[in-house]
Amino acid sequence: MESGIKGFYKEKVVFLTGATGFLGKVIIEKLLRSTDVKRIYIMIRSKRGKNIQERIQSWQTEPLFEVLLKSRPEAFERLMPIPGDCLYPDLDISDTDRRLLASEVQIVLHGAATVRFNEPLHVALAINTRATRLMVQLAKQMRHLEAFLHISTAFSNCVIEHIEEKLYPEHLTCSSEKVLEMCDQLSEELMNDMTPALLGSYPNTYTYTKALAEDVILREAGDLPLSIFRPAVIMASHKEPVAGWIDNLYGPIALIYGVALGVLRVASLNTEAFANLVPVDYCANVALASTWQTSKNRVRHEKMPRPIVYTLAPTEQNALTNRDFINYGVSFRSQFPLTKMIWYPFLHCVKTPWVYHFAAFFYHILPGHVFDLVLRLTGRKPRLVKVYRKIHKNMDILQPFLHRAWHFETKNTDRLLELMSAEERRVYYFDMKGLDWNDYFRHALLGMRLYLGKEAPTSESIEKGLRLFERLKMLHYSLQVALCCVAGLLLWWLLKILVFSI
């Protein structure tokens, strides 16, 4: 009989929420490829005109699942959809499906969340906090439950700078119980009006409602075999199942993509602060390994202690600053440039907010109006000014995370790695100390070009990008020389006026 992580998942029935999310899909792929899991129930809803089956069928053409389907063509037969939606008070799961889950499920991975920082409070509370309570209640009905993993975020306690792997209910203005009670009794408008008072020091509704979700677990999990996983900012995959895979334009990758296109040229950023980035495949591996360890802890303890928290973030021995992040992003611009660039890629970082807004006018708004004017004159729809408004709005939302620095303790995660065998550490790798950042960003930026830019990974495509890159580089430096000459002439003219006036 197999032991360890792979043996633990053999013939197990798993229930996963957040299955269609970035991390959720990677967890599914890794479970199906590396274990003999019996069945994975995935909570999923219809979206954008696609029903549930159509959404799952569309995965068969995604690069993420290509390796899996080549080695195990029948893998998707182990996926069973459960219609549901975290926005609803009962998760929108039918009574029949509830009975099915209660009788069969042995492992719960709860990863569903809204990650929008500016989500209205009533929506974020429903999806991130109330749904967690409902999942805990559902888990208590599961007769064969062996482990429950709640996927949180490393920033759920971002109101402090040194964050240990423990729960911090003392930072909340009200308990999760009181906030959810208010949410049930008050109107959506009134709850949203109360947002500043409830958030307190939390910078947005996302981090606040994820902190409340952890409070729900602390108060209501009881004897459930439960642990919490807190990943930092999740980025493209490092190696598995394909290097550089990514399917969204959130967070740091959006910043680098904007630079690569020549659209984003100035940002409000503390270059000395740490960039807390982690590869998505490492996150999936921690999720599976920590769930295995949670089950082992259940066997050892009749009464479960407080939930163990596992944090994945860069280590002090292999830290990454925002300056490093930007340098890596820009350093590969001449190796595999995009063919859709509108200007030479570069980025100036400024700390002071008013300086940023002043610079943004000359780097973004003014060129945006010129670009849109050209589009209008050529009969095309103007778009760049609108894009810059959205960029500046998002930059304002991200300010707390672009300027502050946090230290995340990862003792439990480090210990987890030590408890794994050499083979398990190879198959379920997540050692942040051993991550080669240069190699990682090379793959991540190639992935950005391929999966987000939809540009072919061929020599012809790269050569086309390089030709455009050289033309735009010449234009960029020619414009700089021209502007310097104009500035020099203006200065000479002003000096001349001053001399004559004296």
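All residue numbers refer to positions counted from 1 along the written sequence of the respective chain. Whole-chain, interface and lining totals are the exception, using all residues; otherwise, since this is a predicted model, local features are given only for residues with pLDDT of at least 70 and side-chain atom pairs are given and counted only at 80 or more. Calculated side-chain values reflect all of the structure's heavy atoms, with hydrogen atoms and water omitted.

Under the annotation held in an unreviewed UniProt entry, the protein carries the name Fatty acyl-CoA reductase and is attributed to Drosophila pseudoobscura pseudoobscura. UniProt positions are given in the numbering used here, feature names are shortened, and annotations may be inferred rather than shown by experiment. According to its UniProt record, the protein has this under Sequence similarities (unreviewed entry): "Belongs to the fatty acyl-CoA reductase family." UniProt lists a comment for the protein under the heading Catalytic activity (unreviewed entry), and it reads "a long-chain fatty acyl-CoA + 2 NADPH + 2 H(+) = a long-chain primary fatty alcohol + 2 NADP(+) + CoA".

Chemist: How would you summarise the overall build of the protein if you had to cite specific residues and measurements?
Modeler: Helix and strand content of the protein: 19 helices and 13 strands. Atoms counted for the radius of gyration: C-alpha only. Globule rule: 2.2 Å times the number of residues to the power 0.38. Taken over the C-alpha trace, the protein has a radius of gyration of 25 Å; the compact-globule value for 502 residues is 23 Å, and the two agree within 12%. Seen through its C-alpha atoms, the protein measures out along the principal axes to roughly 90 × 55 × 50 Å. A contact between two residues is defined here by any heavy atoms of the two lying within 4.5 Å. Residue pairs in contact within the protein that sit at least 24 positions apart in sequence constitute 83% of those at least 6 positions apart. Working note: accessible area of the protein is about 23600 Å², and carbon and sulfur atoms make up 57% of it. In this tally, Asp and Glu contribute negative charge and Lys and Arg positive charge; neither His nor the terminal groups of the chain are included. Charged groups are reduced to one reference atom each: NZ for lysine, CZ for arginine, CG for aspartic acid, CD for glutamic acid. Taking the average place of the 61 positive charges on the side chains of the protein and the average place of its 52 negative ones, the gap between the two points comes to 6 Å. A run of H or I in DSSP becomes a helix once it reaches four residues, and a run of E becomes a strand once it reaches two; helices and strands are each numbered from the N terminus. Surface accessibility follows the Shrake-Rupley procedure with a 1.4 Å probe radius. Residue values consider only the protein chains on display as shielding.

Chemist: Outline the state of the cysteines, supporting the account with residue identities and numerical values.
Modeler: Note that a disulfide, as used here, is simply two cysteine sulfur atoms within 2.5 Å. Throughout the structure, instances matching the rule amount to zero disulfides. Unpaired in this structure, Cys86 has its nearest cysteine sulfur neighbour in Cys183, at a distance of 14 Å. Buried means the residue's accessible area, taken with a 1.4 Å probe over protein chains only, is under 20% of the maximum for its type, while exposed means over 50%, and partly exposed covers the values in between. A relative accessible area of 7% places Cys86 in the buried class. For the unlinked cysteine Cys283, the closest cysteine sulfur is that of Cys158, found at 18 Å. The class of Cys283 is buried, set by a relative accessible area of 0%.

Chemist: How would you sum up the pairing of strand S2 (residues 39-44)? Please name residues and give values.
Modeler: For a regular strand, side-chain orientation follows a simple rule: the groups alternate between the two sheet faces. When you tally the buried positions in S2, you get six out of six residues, the bulk of the element. Neither face of S2 is left uncovered, since the one carrying Arg39, Tyr41 and Met43 and the one carrying Ile40, Ile42 and Ile44 both have all their residues buried. At least two DSSP bridges between two strands are needed for those strands to be called paired. Looking at chain direction, strand S1 (residues 13-17) and S2 are connected through four bridges and run parallel. Bridging across to S2, Leu16 finds its partner in Ile42. Crossover handedness is defined by viewing with both strands directed away from the observer: a clockwise path from the first strand over the helix to the second marks the crossover as right-handed. On the question of chirality, the crossover connecting S1 to the parallel S2 by way of helix H2 (residues 22-34) is right-handed. Sheet analysis places S2 next to strand S3 (residues 79-83), joined by five bridges and oriented parallel. Each bridged residue has a counterpart across the sheet, and for Ile42 the counterpart in S3 is Pro81.

Chemist: Outline the packing of aromatic side chains, supporting the account with residue identities and numerical values.
Modeler: Only Phe, Tyr and Trp rings take part, Trp by its six-membered ring, and two of them pair if their centres are within 6.5 Å. Stacked means planes under 30 degrees apart, edge-to-face means over 60, and tilted covers everything else. Enumeration according to the criterion identifies 24 aromatic pairs in this entry. Pairing Trp59 with Phe65 gives two aromatic rings, centres 5.6 Å apart and planes at 15°, and the pair type is stacked. You can call Phe65 buried: its relative accessible area is 0%. Taking the centre distance of 5.2 Å and the plane angle of 40° together, the rings of Phe117 and Phe401 count as tilted. Of this pair, Phe117 sits in the loop between strand S4 (107-110) and helix H6 (121-139) while Phe401 is found in helix H15 (residues 384-403), placing the two residues 284 residues apart along the sequence. Take Phe117: its relative accessible area is 23%, and that puts it in the partly exposed class. The rings of Phe117, Phe155, Tyr206, Phe401, Trp406 and Phe408 are connected pair by pair, giving a single aromatic cluster.

Chemist: So, the environment of Thr294: which residues are in play, and what are the values?
Modeler: If you trace the backbone, Thr294 turns up in helix H12 (residues 280-300). Sequence-wise, Thr294 and Leu32 are 262 residues apart; in three dimensions their C-alpha atoms are separated by 20 Å. Throughout this description, a polar contact denotes any pair of N or O atoms lying within 3.5 Å of each other; where both atoms belong to protein, one of them has to be capable of donating a hydrogen while the other can accept it, and for residues adjacent in sequence the pair is counted only when both atoms sit in side chains. At 2.7 Å, the side chain of Thr294 forms a polar contact with the backbone oxygen of Ser290.

Chemist: Hey, could you go over the pattern of salt bridges for me, with residue numbers and the actual values?
Modeler: Oppositely charged side chains are able to pair whenever their charged atoms sit close together. Think of a salt bridge as a Lys or Arg side-chain nitrogen and an Asp or Glu carboxyl oxygen that are within 4 Å of each other. Under the defined criterion, the tally for this structure stands at 20 salt bridges. Residue Glu272 pairs with Arg323 through a salt bridge whose shortest N-O separation is 2.3 Å. Of the two residues, Glu272 is situated in the loop between strand S9 (266-268) and strand S10 (277-279) and Arg323 in helix H13 (residues 322-331); the sequence distance between them amounts to 51 residues. One salt bridge in this structure joins Lys411 and Glu409, with 3.9 Å as the shortest N-O distance. The exposure class of Lys411 is exposed, given its relative accessible area of 58%.

Chemist: Give me the sheet that holds strand S7 (residues 226-231): which residues, what numbers.
Modeler: Strand order across the open sheet formed by seven strands is S3-S2-S1-S4-S5-S7-S11, with parallel pairing between neighbours. The open sheet has two edge strands with one neighbour each: S3 and strand S11 (308-312). For this sheet, the mean angle separating the axes of adjacent strands, direction not counted, is 20°. Of the strand pairs in this sheet, S4 and strand S5 (residues 147-151) are connected by four bridges, and their pairing is parallel. Among the inter-strand pairings, Val108 is bridged to a residue of S5, identified as Phe148. To define axes, lines are fitted to C-alpha atoms, for helices over the stretch in contact only, and angles between the resulting N-to-C directions are given on a 0 to 180 degree scale.

Chemist: Describe the UniProt feature "domain: Fatty acyl-CoA reductase C-terminal" (unreviewed entry) in the protein, naming the residues involved and giving the relevant values.
Modeler: The UniProt feature table records "domain: Fatty acyl-CoA reductase C-terminal" (unreviewed entry) at residues 363-455. The span residues 363-455 shows a helical share of 71% and a strand share of 2%, and its end C-alpha atoms are spaced 27 Å apart.

Chemist: Please give an account of H13 that cites residues and values.
Modeler: When we look at burial in H13, the residues that qualify are Asn322, Phe325, Ile326, Gly329 and Val330. All buried residues of H13 project into a common sector of 120° when viewed along the axis, lining one side. Elements that come into contact with the buried residues of H13 comprise strand S8 (233-235), helix H11 (251-260), S10, strand S12 (348-350), H15 and helix H18 (437-452). The arc in question is the one spanned by the directions pointing from the helix axis to the C-beta atoms.

Chemist: Lay out unusual backbone geometry in plain terms, naming residues and giving numbers.
Modeler: The linkage connecting Glu240 with the following residue, Pro241, adopts the cis geometry, with an omega of -20°. With respect to the helices and strands, Pro241 occurs in the loop between S8 and H11. In this structure, Glu11 is a non-glycine residue whose phi angle is positive, near 60°. Tracing the backbone through its elements, the reader meets Glu11 in the loop between helix H1 (4-9) and S1. Phi is positive for Leu91, which is not a glycine, with a value near 65°. On the secondary structure map, Leu91 appears in the loop between S3 and helix H5 (95-104).

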